[in-house]
Amino acid sequence: QVQLVESGGGLVQAGGSLRLSCAASGRTFSIYAMGWFRQAPGQERVFVAGIEWSGGYTYYADSVKGRFTISRDIAKNTVSLQMNSLKPEDTAVYYCAADRNGLGRKRVEYDYWGQGTQVTVSS
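Residues numbered from 1 in each chain as written. Predicted model: local features only at pLDDT ≥ 70, side-chain atom pairs only at ≥ 80, totals over all residues. Heavy atoms only, no water.

1. Describing the sheet that holds strand β1 (residues 2-7)
What the four strands build is an open sheet, ordered β1-β3-β8-β7; its pairing is antiparallel. Two strands bound the open sheet, and with one partner strand each, they are β1 and β7 (68-73). Averaged over all adjacent pairs, the angle separating strand axes in this sheet is 15°, with direction ignored. In this structure, strand β3 (residues 18-26) lies alongside strand β8 (residues 78-83), joined through six bridges in antiparallel fashion. (Pairing = 2+ DSSP bridges. Helix = DSSP H or I, 4+ residues; strand = E, 2+ residues; numbered from the N terminus. Axes fitted to C-alpha atoms, helices over the stretch in contact; angles between N-to-C directions.)

2. Topic: the packing of aromatic side chains
Each aromatic ring pair is characterised by the separation of its centres together with the angle its planes make. Evaluated as defined, the whole model comprises six aromatic pairs. With a centroid separation of 5.5 Å and 80° between ring planes, the pair formed by F37 and F47 is classed as edge-to-face. A residue pair is termed long-range when its members are at least 10 positions apart, and F37 in strand β4 (residues 33-39) and F47 in strand β5 (residues 46-52) qualify at 10 residues. Given the relative accessible area of 0%, F37 is considered buried. The interplanar angle of 80° and the centroid separation of 6.4 Å between the aromatic rings of Y95 and W113 together place this pair among those described as edge-to-face. Remark: W113 occurs in strand β10 (residues 112-113) and Y95 occurs in strand β9 (residues 92-99); sequence separation between them is 18 residues. An aromatic cluster of at least three residues, connected via ring pairs, comprises F37, F47, Y59, Y95, Y110 and W113. Taking the ring centre of W113 as reference, the NZ or CZ of R45 above it sits at 5.1 Å. Sitting over the ring of Y59, R105 keeps its end group 3.5 Å from the ring centre. (Phe/Tyr/Trp six-rings, centres within 6.5 Å; stacked < 30°, edge-to-face > 60°. Buried < 20%, exposed > 50% of the residue type's maximum accessible area, 1.4 Å probe, protein only. Lys NZ or Arg CZ within 6 Å of the ring centre and 35° of its normal.)

On their own, these measurements won't tell you what the molecule is for.
Encoded structure:
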């Protein structure tokens, strides 16, 4: 069992930056990769970024490449998402997730989920 807790969400103006963090606890040794998803009201939950825990390989959705950076702190069992040049279309609830089997890019591939944190980008 793995527990994930996100933090760092909030309100920011377009062009600004925000950093999200996710703390993992429990059986963290079972995690192969961690990822960030987001879901806007009435929309699907979509993949944003992922990182392999051991090797640090990263993968990003095209919509955030060059603006967002995912990283992890192995010693602290945390993963972060640095979001720069934020746009109103980035507004969503952001979820941290853990995958036991690989670097998944679909919601159904992830085994554990955080509660989500709201990110709102104003024009």
